[in-house]
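# Working through the structure, step by step
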Amino acid sequence: MLRYIIKRLLYMIPTLLGISMIAFVIIQLPPGDYLTSLISRMTQNGENVDPAQIAQMRAIYGFDDPIWVQYFKWITGILLRGDFGYSFEWNRPVSELIWQRMGATLSVSLAALLFVWAVSLPIGIYSAMRRHSVGDHIATFFGFIGLAIPNFILALTLMYVSYKYLGQNVGGLQSQEFIDAPASWAKFVDLLAHLWIPVVVIGTAGTASLIRILRANLTDELSKPYVITAKAKGLPEYKVVLKYPVRIALNPFVSAIGWVLPNLISGVTITAIVLNLPTAGPLLLRALISQDMYLAGSFILLMGSLTLVGMLISDILLALLDPRIRFN
Amino acid sequence: MTVHSFIDDELETAPAISALRTGEAVETTAAAGQWTLIWHKFRQNKVAIFAGAVILFLYFVAIFAEFLAPALPEASRPQFTYAPPQAISFFATAEDGSTQFLPHVQGYTQTVDQASLRRTFVVDDSLVVPIGFFVHGPKYRMWGLFDTDLHLLGPLKSTDTMYLMGSDKLGRDLLSRLIYGTRISMSIGLIGVLFSLVLGVTLGSLSGFYGGWVDMIIQRGIEIISSMPTIPLWLGLAAAIPITWSPLQVYFIITLIVSLFGWTGLAREVRGRFFALRTEDFVTAARLDGSRERRLIFRHILPSLTSHILAVVTLALPTMIVAETALSFLGIGLKPPVVSWGVLLQDAQNVRTIATAPWLLIWPAGAVVIAVLSFNFLGDGMRDAADPYES
Amino acid sequence: MQAVTDHLTHATDDAAEIVMSVEHLSLDFHLRTNVLHAVRDVSFVLRRGQTLCLVGESGSGKSVTARALLRILDKNGTITNGKILLRGKEDEIDIAPLTERSKELLHIRGGRVGLIFQEPMSSLSPVHTIGSQIIEAVLLHRAMSKKEAREEAIELLRQVEIPNPDKMIDRYTFEFSGGMRQRAMIAMALAADPEILIADEPTTALDVTTQAEILDLIRRLQVSRGMAMLLITHDMGVVAEVADAVAVMHFGRIVEQGGVEDIFHNAKHPYTKRLLASTVKLEQSHLERDEAAAPEKAEPVLQVRNLTKVYGSATGWLGKSTFALKAVDDVSFDLMPGENLGIVGESGSGKTTLGRLILRTVEPTSGAVAYHDADGQEKQVTELDQAGMREFHRDVRLIFQDPFASLNPRMTVRQIVADPMIVSGTHRGKALEQRVAELLELVGLDPLTMERYPHAFSGGQRQRIGIARALALDPRVIIADEATAALDVSIRAQILDLLLDIQKRLQLSFIFISHDISVVRYFCDRVAVMHRGKIVELGDAEQICTAPVEAYTKSLISAVPNPDPRHKRMMHRTRFTAQG
């Protein structure tokens, strides 16, 4: 088991390296750099640009180095000192800006994952056991709708509905009065009151696809001989299903961490922009547009790493769940 | 002991079968090829058939956008800001009180809200704007080939207004913009999927056929790309598009970006099937028959793959459409004056606007959802029918 | 129309023994396009301490009948008529009208009627230990504490002769071999000490020696517990070995039933006769005794020398050397022109790999194969380049086991059979079409069907198409890898006769790879017996099958069930304990 985990960890290294390169290349793609866009902004505003100062800044940030040198400096900074670089726009080190945002992203994603699980497990089992029943058709129908509505449209719709019929503005994760308040029960309740919309919005598509996968998997399992064995033993149907096929159909459930998590993080990004949540999304979008490269790059890198960690966890859980994987 | 008994009867040659309903003939499929069988299986899925029809309709709209749209997408009338949708009626009450056949829409009366000083429109039953089919309206150049001013539907007098789906903040006709948007949104999906098909099938077959280190490298690549959360990546790439580029250039680059991340799923599918097929007995048989690799691939493996690839492609299309919509919505994809569903949704970005003019959200969002839903249903039906030989 | 000479009422004298009687059972399946009457008016009785064998070929409805007795049916199946009467000491329950969730049914399942069936690989849950699955069965039907149930489960495992039962109880299914799994299944079925055991093809997926052991075990347990048994099988040999009474099913009807002697020696129904004939036919060589002395030709077609294939000998990850498996170990033999050489062995003996090594679809680790072509030139197969291999593959052809997987479903029969000729460019146009028609005729198919697709043909017909393809390039040697294993016994005999007929006409040599000793005995002149990658014995087919020399061969041959109830062979078999 330990060997398995070590092996998986070693496998992650090249992937992480690949992700960091992609992240760096992306933020290098736009023509020019932060300084050129700064200069154009300053000249537009009629400010004077001191070429000497610009040259000095270029030297400090190493904008004139070849790209691989810049990448090397950036990645070694992260690995050795936890230094993610400097945000030009905010005039602060990137690491001061990202952690809180990433924390919020992670929390919302995890909450959404729990939502996905809690909803899809019972519905999935029900649908598989009562195939082609009315309930199954309803679940399937809503599943398709859930898959078809893009996150941000769902977010807009929910916002509109709650604005129009509930008369409240649902943006953000906290009400104004709680934002700087110390942690308290009331603050937590307020958080939950705000959290449900993003969680539902982000979780819907994942839920729908997980129900479909669970249903298909379970249907396969239900026709396997070992289920007949269990029936022939005299086990009641619900026990047969819960003890045997569900146990095996749980595999896609666990591996869902691996593929639902990237989707959820993706989903949070765009939903957060619509709902104005204090997660990584809105900041990333701004950083990208203003070519605040280290900030944007760090976000992309961290989001990629997060999904890798999710995949790792799902692989380990899978091995725990299924002895066949563990013993190989 | 058990008594020896037997049925004194002729030997039966087939299992006992009776028709579900009396009088139904059993179809013979002995000489039916793969596509006939797939079609037989597919057509039993009524939902998929319907979805297919919807998609055909959408592409029809996309192709004949200029003719189908009552107005030009950019024609603005500032005096009709946020005009609500009108309904079509076929009968009008004439001045003498008699009812006569007259297709028309109701006109608007304006009221100015004193508090906010905003103009609001109320549909006025008494104002009749006669409309008709095949009317002459604003001039356009059909497919860039010839000039005409014929429109399927429109007000009889070209100075009249008709907003079947309402208007936006510049008083532009949402229906016309939606129809033009269909062309962009539906084609971006199609072209994007073609890009990713080429990428996915090429790399997937290379990976699946050669295995070994080729497979290893391609698989690593796919793993890296698919472990990246897609939306941040799209954002990153889209943000890199220079502002100076022309709409057409942006259109193509967006298609490319969108397809860049859709190909991994395709490549995986193709590779998996390739691996499975490569060890199939009938492929081994063909190899022993003396077939070279090329013939193996093109004569034996690819024909078995085509239907699956078609299904996966259909299922990948909605992702592309959603991606374009999302990027344009965020303002880093397609930009006006190009009209796509995403660009239309840009107008519905804040709650206040939506509250004033809900149609700005409902119609474009509805179009996206219907397109995505139809592709999903169609793709699902195709996937289920893709292998007519499984039991 | 049906003149049923049936006298169920006569059997009153020993009615006390009857534990279950099935009366006029009929069962329909609603398929997508039609209704299949899978079981029609089936009646039989099960008696305490006795075995009724339900025999039939695929699609006869025998398995469906067995499962219907426990009301285990797919959703689209319904019992349309009949009774399933389970007789206890004082009561009698009709199982047929019970609902899926009724307490009575759950009590009967596993409690009074145990079920074991074919797939030992998949009929146990892969994610639970063997023990937990048996304990569950014990707890369901017997009032015991968890601890007692565990003790009981260990005892059950001991009874089914699993070594170290107290350790094996905590193992997972995938750590068990096929035979061990079937033993565990039996232990589970017996957990509640049922009155009736239904065994649905319990040994079909097992090797012949394992089959003998399992049947032996079932038989002994049945006698010691006084259970009634319903054994479902397609193998008349197995029937002869274990049955007291026999019911023969054909397309959903029991066409004949009676005591085992009556069925085997006084069969009345044409189907029973046909079944027996094709089984018994395979109990001897196709050659007349005097014919056996085949004219010796000096030059062998194929010479296999010291052929070896080692898997997984490379050093593994983290520098730890992994185990090496010798799939084929130092195998040598000659194949003469016009000769049928059988290669016989159990699963994992390396016989299939050997076939692939000769064709070089799997590269040998060491050793050589020499081929003498029609012009008498010797070619070293292991040294041929790609073009040379293509030529070699024209002369040495392969017939596959699975008649479904080996034909491309997307090509017509004409395209399939013509493919090798198109590739090698021997025929084209009109001539090609003519040649395909000729080949189809040769294998007994109507040339008019050449525009059809494989799905329009039955398993036996598909195998004929595969044979036609193999013959297309005028081969000299055909390697048939379990070519009849997937076919029903009556069709098996037809295909074998077809191959023999073709051989006579075309002067072919066959390497016939099979696990089925009777098939090899019928078809082959010489037989090589493989065990763990090695040829342990090679000799005249008749000699190997009647008077084997080596210990392993003896145990193998004696484990083959004999389709004659008067000469039960299996029960007096020689056992072979492998060393190391």
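Since this is a predicted model, take the numbers as computed values, not measurements.

## A short note on the domain arrangement of chain C
All names here are of chain C. Here chain C is partitioned into domain 1 (2–274) and domain 2 (286–402 + 472–547). When each unit is reduced to the centre of its C-alpha atoms, the spacing between domain 1 and domain 2 is 38 Å. Listed per partner, the contact involves 6 residues of domain 1 and 6 residues of domain 2. Carbon and sulfur atoms supply 35% of the area that domain 1 and domain 2 bury against each other, a total of about 620 Å² over both sides.

## Describing the interface of chain A and chain B
Taken together, the 41 residues of chain A in the interface contact 41 residues of chain B. The largest share of the area that chain A buries against chain B comes from Phe 144, Leu 156 and Tyr 160 of chain A, three residues that together contribute 16% of it. Viewed at the interface, chain B and chain A are joined by 1 salt bridge. At the level of secondary structure, the elements contributing two or more residues to the side of chain A that touches chain B comprise α1 (2–28), α6 (134–148), α7 (151–166), α11 (245–275), α12 (280–289) and α13 (293–321) of chain A.

## Brief notes about the interface of chain B and chain C
The accessible area lost on association of the parts is a frequent measure of interface size. Residue-level contacts link 48 residues of chain B with 64 residues of chain C. Interface area, chain B with chain C, both sides summed: about 5,100 Å², of which 55% is carbon and sulfur. In this structure, the salt-bridge partner of Arg 295 of chain B is Asp 419 of chain C, at a minimum N-O distance of 2.1 Å. At the boundary of chain B with chain C, the tally comes to 8 residue pairs in polar contact (both at pLDDT 80 or more).

## Section: helix α10 (residues 293–330) of chain B
All names here are of chain B. Between the first and last C-alpha of α10 there are merely 48 Å, a value that for 38 residues lags more than 12% behind the 56 Å anticipated at 1.5 Å per step. Most pronounced at Leu 302, the bend in α10 amounts to some 50°, and the proline Pro 303 follows within four residues. Just downstream of α10, Gly 331 is the residue with a positive phi angle, here 90°.

## Overview of the environment of Gln 543 of chain C
All names here are of chain C. Following the sequence through the fold, Gln 543 ends up in helix α18 (residues 541–546). Spatially, the C-alpha atom of Gln 543 lies 27 Å from that of Thr 308, the residues being 235 residues apart in sequence. For Gln 543, the residues in contact, after removing those within four places along its chain, are Glu 537, Pro 548 and Val 549.

## Quick notes on the packing of α6 of chain A against helix α13 (residues 359–386) of chain B
Where α6 of chain A meets α13 of chain B, the axes come as close as 8 Å, and the angle between the chain directions of the two elements is 125°. Classified by the angle their axes make, α6 of chain A and α13 of chain B are oblique. Handedness of the α6 of chain A/α13 of chain B crossing: right-handed. Of the residues in α13 of chain B, those touching α6 of chain A at Phe 144, Ile 145, Leu 147 and Ala 148 of chain A are Val 369, Val 372, Leu 373, Asn 376, Phe 377 and Asp 380 of chain B. Residue composition of the contact of α6 of chain A with α13 of chain B, grouped by class: 8 nonpolar, 1 polar and 1 charged.

## Details of the pattern of salt bridges
Opposite charge on two side chains permits pairing when their charged atoms draw close. If you walk through the whole model with that rule in mind, you get 40 salt bridges over all chains. One salt bridge in this structure joins Arg 383 of chain B and Asp 380 of chain B, with 3.1 Å as the shortest N-O distance. On the criterion of helical spacing, the pair formed by Arg 383 of chain B and Asp 380 of chain B is a turn pair, its members being 3 residues apart in helix α13. The closest approach of N and O atoms between Arg 158 of chain C and Glu 155 of chain C, which form a salt bridge, is 3.3 Å. Of the two residues, Arg 158 of chain C and Glu 155 of chain C are both situated in helix α4 (residues 146–159); the distance of 3 residues between them amounts to about one turn of the helix. For Arg 158 of chain C, a relative accessible area of 46% translates into the label partly exposed. A cluster of three or more residues bridged by salt bridges with shared partners is formed by Glu 161, Arg 183, Glu 213 and Arg 220 of chain C.

## Structural notes on the nonpolar core
Ranked by internal contacts, the top residues of the largest apolar core, which has 174 residues, are Phe 152 of chain A together with Leu 235, Ile 254, Leu 334 and Trp 341 of chain B. In terms of residue count, the dominant contributor to this core is α10 of chain B (17 residues). Among the domains, domain 1 (34–83) and domain 2 (98–321) of chain A are the pair contributing at least three residues each to this core. Apart from the residues lying within four places of it in its own chain, the contact partners of Phe 152 of chain A are Ile 270 and Val 274 of chain A together with Thr 325, Ala 326, Phe 329 and Leu 345 of chain B. Residues Ala 66, Met 180, Ala 184 and Ala 189 of chain C belong to the second largest nonpolar core, which totals 97 residues.

## Quick look at the sheet that holds strand β20 (residues 526–531) of chain C
Residues and elements named next belong to chain C. Across the sheet, 6 strands lie side by side as β17-β18-β19-β14-β20-β21; this open sheet has mixed pairing. The strands lining the two open edges of the sheet, one partner per strand, are β17 (396–399) and β21 (534–540). Adjacent strand axes in the sheet meet at a mean angle of 15° when their direction is disregarded. Contacting β17 and β18 (477–481), helix α12 (residues 386–395) crosses the sheet at an angle of about 60° to β17. Taken strand by strand, helix α19 (residues 551–559) contacts β14 (340–345), β20 and β21, and its axis lies near 100° from that of β20.

## A few points about the UniProt feature "domain: ABC transporter" (unreviewed entry) in chain C
With numbering aligned to this structure, UniProt lists the feature "domain: ABC transporter" (unreviewed entry) at residues 22–276 and 302–557 of chain C. Across residues 22–276 of chain C, the secondary structure splits into 36% helix and 27% strand, with the terminal C-alpha atoms separated by 26 Å.

## Brief notes about the environment of Ile 241 of chain B
Residue and element names in this part refer to chain B. When you line up the elements, Ile 241 lands in the loop between α6 (230–239) and α7 (247–260). Given a relative accessible area of 12%, Ile 241 falls into the buried group. The spacing of Ile 241 and Ile 332 is 91 residues in sequence and 8.3 Å in space, taken between C-alpha atoms. Once residues lying within four places of it in the same chain are set aside, the contact partners of Ile 241 are Val 250, Ile 253, Ile 254, Ile 257 and Ile 332.

## Things to note about the UniProt feature "transmembrane region" (unreviewed entry) in chain B
Residue and element names in this part refer to chain B. Per the UniProt record, "transmembrane region" (unreviewed entry) is found at residues 47–69, 184–210, 222–243, 249–267, 309–334 and 354–378. As annotated, residues 184–210 has a helix share of 100% and a strand share of 0%, and its two end C-alpha atoms lie 38 Å apart. In residues 309–334, the share of helix is 85% and the share of strand is 0%. The end C-alpha atoms are 29 Å apart.

Criteria and thresholds
Residues numbered from 1 in each chain as written. Chains lettered and ligands numbered in written order. Predicted model: local features only at pLDDT ≥ 70, side-chain atom pairs only at ≥ 80, totals over all residues. Heavy atoms only, no water. Domains from an automatic or database assignment. Contact = heavy atoms within 4.5 Å. Buried area = accessible area lost by both parts, 1.4 Å probe. Salt bridge = Lys/Arg side-chain N within 4 Å of Asp/Glu carboxyl O. Helix = DSSP H or I, 4+ residues; strand = E, 2+ residues; numbered from the N terminus. Polar contact = N/O pair within 3.5 Å; in protein donor to acceptor, adjacent residues only side chain to side chain. Expected span 1.5 Å × (residues − 1). Bend = angle between axes of the 7 residues up to and from the residue. Axes fitted to C-alpha atoms, helices over the stretch in contact; angles between N-to-C directions. Parallel < 35°, antiparallel > 145°, perpendicular 65-115°, else oblique. Left-handed = near helix turned anticlockwise from the far one by under 90°. Nonpolar A, V, L, I, M, F, W, Y, C, P; charged D, E, K, R; others polar. Buried < 20%, exposed > 50% of the residue type's maximum accessible area, 1.4 Å probe, protein only. Core = buried A, V, L, I, M, F, W, Y, C linked by side-chain atoms within 4.5 Å. Pairing = 2+ DSSP bridges. UniProt positions renumbered as here; feature names shortened; annotations may be inferred.

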